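In case you want the letters, here they are:
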Amino acid sequence: MIKLNLLLVLVLVMCALGIVTAQHKARKIFIELQQEQELAKKMEVEWGQLQLEQSTWAMHTRIEKIATAYLQMQVPDASRIQVVPPATNKAVRP
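Now for a description of the structure that goes with this document.

## Thoughts on the overall build of the protein
1) Next: Helices and strands together make up the secondary structure of the protein, namely two helices and zero strands.
2) Next: With the model as given, the accessible surface of the protein reaches about 9,800 Å², and the carbon-plus-sulfur share is 66%.
3) Next: Distance between charge centres in the protein, computed from 11 positive and 8 negative side chains, equals 11 Å.

As structure tokens, then:
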């Protein structure tokens, strides 16, 4: 009877240790998840800022200003502009 009680106590202690270990691992993983979610939010904010910066750099007025100021480029007269129609690709049938 004593051996059975000792065996049951040993099994109980092992189960308790297993539960404690599992809870500890679950808490560590949850903390890591929260950290990764926070990092993802920061990256989303940075991505939005980069998109805004890109749209600012690519504004037509800014590009035109740089082209005229630094590259001495000018918009050509309307009489000098030629519109080239797209080439039509005719499929060759055998």
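## Structural notes on a nonpolar patch on the surface
1) Next: A cluster of nonpolar side chains, namely Met1, Leu4, Leu7, Leu8, Val9, Leu10, Val11, Val13, Met14 and Leu17, defines an oily patch on the protein surface of about 1,000 Å² accessible area.
2) Next: Owing to a relative accessible area of 47%, Leu4 belongs among the partly exposed residues under this scheme.

## Details of the pattern of salt bridges
1) Next: Counted according to the given criterion, the structure contains one salt bridge.
2) Next: Between Lys42 and Glu38 there is a salt bridge, with its nearest N and O atoms 3.7 Å apart. Residue Lys42 and its partner Glu38 are both found in helix α1 (residues 2–57); the two are separated by four residues, about one turn of the helix.

## Side note on unusual backbone geometry
1) Next: Positioned with a positive phi, Gln72 is a non-glycine residue whose angle comes to about 50°.
2) Next: Mapping Gln72 onto the fold places it in the segment after α2 (60–69).
3) Next: The exposure class of Gln72 is exposed, given its relative accessible area of 59%.

Rules of the game
Residues numbered from 1 in each chain as written. Predicted model: local features only at pLDDT ≥ 70, side-chain atom pairs only at ≥ 80, totals over all residues. Heavy atoms only, no water. Helix = DSSP H or I, 4+ residues; strand = E, 2+ residues; numbered from the N terminus. Areas by Shrake-Rupley, 256 points an atom, 1.4 Å probe, with all protein chains shown as cover. Lys, Arg positive; Asp, Glu negative; His and termini not counted. Charge placed at Lys NZ, Arg CZ, Asp CG, Glu CD. Patch = residues over 30% accessible without salt bridge, like charges linked within 9 Å, V, L, I, M, F, W, Y side chains within 5 Å. Salt bridge = Lys/Arg side-chain N within 4 Å of Asp/Glu carboxyl O. Buried < 20%, exposed > 50% of the residue type's maximum accessible area, 1.4 Å probe, protein only.

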